[in-house]
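# Observations on the model geometry
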Protein chains: 2
Amino acid sequence: MHDDLSLPELLVKGEQHFLPSVSVDNVIFGFHDNELKVLLLKGRESRKWGLPGGYVFKEEDVEDAAARILKDRTGLTDLFLQQFHAFGSTERTKIALIKETFDGFQLDLTKDSWLMQRFISVGYYALVEYAQVTPTPDELSAECSWHQLNSMPELIFDHRLIVEKALQAMRLQLNYQPIGYNLLPKEFTLKSLQVIYETLLGRKLDRGNFNRKILSYGVLDKKDKLYSGAAHKAPYLYAFNKEKYFEALKNGLEQSF
Amino acid sequence: MHDDLSLPELLVKGEQHFLPSVSVDNVIFGFHDNELKVLLLKGRESRKWGLPGGYVFKEEDVEDAAARILKDRTGLTDLFLQQFHAFGSTERTKIALIKETFDGFQLDLTKDSWLMQRFISVGYYALVEYAQVTPTPDELSAECSWHQLNSMPELIFDHRLIVEKALQAMRLQLNYQPIGYNLLPKEFTLKSLQVIYETLLGRKLDRGNFNRKILSYGVLDKKDKLYSGAAHKAPYLYAFNKEKYFEALKNGLEQSF
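Residues numbered from 1 in each chain as written. Chains lettered and ligands numbered in written order. Predicted model: local features only at pLDDT ≥ 70, side-chain atom pairs only at ≥ 80, totals over all residues. Heavy atoms only, no water.

## Looking at the nonpolar core
Of all hydrophobic cores here, the largest spans 50 residues; its most connected members are Val24(A) and Val24(B). Contacts of Val24(B), omitting those with residues within four sequence positions, involve Gly53(B), Gly54(B), Val56(B), Val62(B), Ala65(B), Ala66(B), Ile69(B), Ser121(B), Val122(B) and Tyr124(B). (Core = buried A, V, L, I, M, F, W, Y, C linked by side-chain atoms within 4.5 Å. Buried < 20%, exposed > 50% of the residue type's maximum accessible area, 1.4 Å probe, protein only. Contact = heavy atoms within 4.5 Å.)

## Some words on the interface of chain B and chain A
Buried accessible area, meaning the area lost when the parts come together, often serves as the stated size of an interface. Taken together, the 39 residues of chain B in the interface contact 39 residues of chain A. For the chain B and chain A pair, buried surface summed over both sides reaches about 3,100 Å², with 61% attributable to carbon and sulfur atoms. Here chain B and chain A share zero salt bridges between them. At the junction of chain B with chain A, the criterion picks out 16 residue pairs in polar contact (both at pLDDT 80 or more). Counting residues per element, the ones that place at least two in the side of chain B that touches chain A are strand E1 (18–32), strand E4 (53–57), strand E5 (82–87), strand E6 (120–129), helix H5 (159–173), helix H6 (190–201), helix H7 (207–216) and helix H8 (242–251) of chain B. A total of four residues in the side of chain B that touches chain A trace back to one element, the largest contributor, which is E1(B). Of the residues belonging to the side of chain B that touches chain A, the class tally is 19 nonpolar, 12 polar and eight charged. (Buried area = accessible area lost by both parts, 1.4 Å probe. Salt bridge = Lys/Arg side-chain N within 4 Å of Asp/Glu carboxyl O. Polar contact = N/O pair within 3.5 Å; in protein donor to acceptor, adjacent residues only side chain to side chain. Helix = DSSP H or I, 4+ residues; strand = E, 2+ residues; numbered from the N terminus. Nonpolar A, V, L, I, M, F, W, Y, C, P; charged D, E, K, R; others polar.)

## A short note on the packing of aromatic side chains
In this structure the tally under the stated criterion is 35 aromatic pairs over all chains. Seen from their ring centres, Phe18(B) and Trp114(B) are 5.4 Å apart, and the 20 degrees between their planes marks the pair as stacked. Residue Phe18(B) is located in strand E1, and its partner Trp114(B) is located in the loop between helix H4 (95–102) and E6; the two are separated by 96 residues in the primary sequence. Exposure remark for Phe18(B): the relative accessible area of 3% places this residue in the buried category. Among the aromatic residues, ring-to-ring pairing joins Phe18(A), Tyr55(A), Phe57(A), Trp114(A) and Phe119(A) into one connected group. Note that Lys222(A) overlies the ring of Tyr236(A), its terminal NZ or CZ placed 4.2 Å from the centroid. (Phe/Tyr/Trp six-rings, centres within 6.5 Å; stacked < 30°, edge-to-face > 60°. Lys NZ or Arg CZ within 6 Å of the ring centre and 35° of its normal.)

## A look at the pairing of strand E2 (residues 35–43) of chain B
Residue and element names in this part refer to chain B. Burial analysis of E2 places eight of its nine residues in the buried class, the great majority of the element. Both E1 and E2 contribute to a ladder of four bridges, which runs antiparallel. When the sheet's bridge partners are listed, Phe31 is paired in E2 with Leu36. Between E1 and E2, which pair antiparallel and follow one another directly, the connecting turn spans two residues, one of which, Asp33, has a positive phi of 50 degrees. Relative to strand E7 (residues 141–148), E2 runs antiparallel, the two sharing seven bridges. Within the sheet, the bridge partner assigned to Leu41 lies in E7 and is Cys144. For E2 and strand E3 (residues 49–50), the ladder comprises two bridges, and the chain directions are antiparallel. Each bridged residue has a counterpart across the sheet, and for Leu41 the counterpart in E3 is Gly50. (Pairing = 2+ DSSP bridges.)

## Details of the packing of H6(B) against H7(B)
All names here are of chain B. For the pair H6 and H7, the least separation of the axes is 11 Å and the interaxial angle reads 95 degrees. With respect to their mutual orientation, H6 and H7 come out roughly perpendicular. Packed against H6, whose contacting residues are Leu190, Lys191, Leu193, Gln194 and Tyr197, the element H7 presents Arg207, Phe210, Asn211, Ile214 and Leu215 at the interface. The residue makeup of the contact of H6 with H7, split by class, is six nonpolar, two polar and two charged. (Axes fitted to C-alpha atoms, helices over the stretch in contact; angles between N-to-C directions. Parallel < 35°, antiparallel > 145°, perpendicular 65-115°, else oblique.)

Shown next, in the form of structure tokens:
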């Protein structure tokens, strides 16, 4: 869609191509070993960091816009992308910073310009195995890279709040939707799934409680034992039951209520 | 804000007053005895039913717009209003129906009009004791009334989907946030709280499991026994611990993970 035009070309006549007042911001969490990171972009002009985001074409679903941005920045498709909140405060975007971000692209932005208005932003989060990702900056950015959550640089607009809210939503999700599908090999031990939950929650979990709870959801199939010299001590391998997993993503895990 | 202008007067020059492309829809669930209902409006011109909704003033937070609409339709303030999803499909609003809705208000709507564009809608839900509510139609509506969820009339746009998604979100909420604060007298039995959960979920719950789970959240304070002739059989009364309740609304209930 509009592949013949560069982003600055699209933006200068934004009102012809994009929905007014609406943007999308993606919080892309990257999991690897015991680490949780977030993907950030550094503006070419402003030299400030922010989330991968963008605008919604007039003939594009908001959800498709989020998926397009995710694909453009990571090269990955078919990821579970969860809408978690629309950010609609009047205070969230600062005109001065919009100007600074786009200065140098010769967009000829007057104060009535489409780009200089107030935007509300629909936030989505995704969780990826970051070894699979090739971070790719957009045309307005000089750099695209992974950052530790506890040592993020200063972020533009309300992007720090958006990251915090995404983390909160993702942690709540652990209690009613499954997670981990694209983060593990096809077969895995309960211990390696526990490491993911511990990393996402930022704290240690009791092994017995974790195993009991995760098995009670019915989204895991038991496979053979992990091969090792001492077979009687080897842990069992598990795989996600794809059908039950995606059913639970849609309708929630079976709960005690 | 803009109290001097009627809604049709505001709408005809909508681009001067409201954010373009953005609306708000409120799913107001009403609980009373064992019944769960939803508040709907019937258009004066279209004679079709829809959710109470509206537009966002340029200088108004989206959340404040939702609270304003809730207050205008119910007379209630300070209710817990939960944003649950932004609806952004290109297919959701049909121009023909917009025309039908506003026909007869002499708004002089051309196809370039602010009102005739595509809108994304931010959905909020609230849960109220409907005996406390005075349903009040807006200036575009002939009627405002409560409807059983399982026998709603046909709804405009994607409003049926919005109600379904709100119900799903509210049921998920039962698993990670407390509910019921404004639905019960100050002191109540666990049984009457169980009735609320059963009504929201649309199914019966086991009493022992319910009591164990609800007490484990730590948001209830035990009070005196309910007075009755046979005091030894009387159930205890409980009250919400306001501090812990609102803390849990914000950060989620303590979970096993």
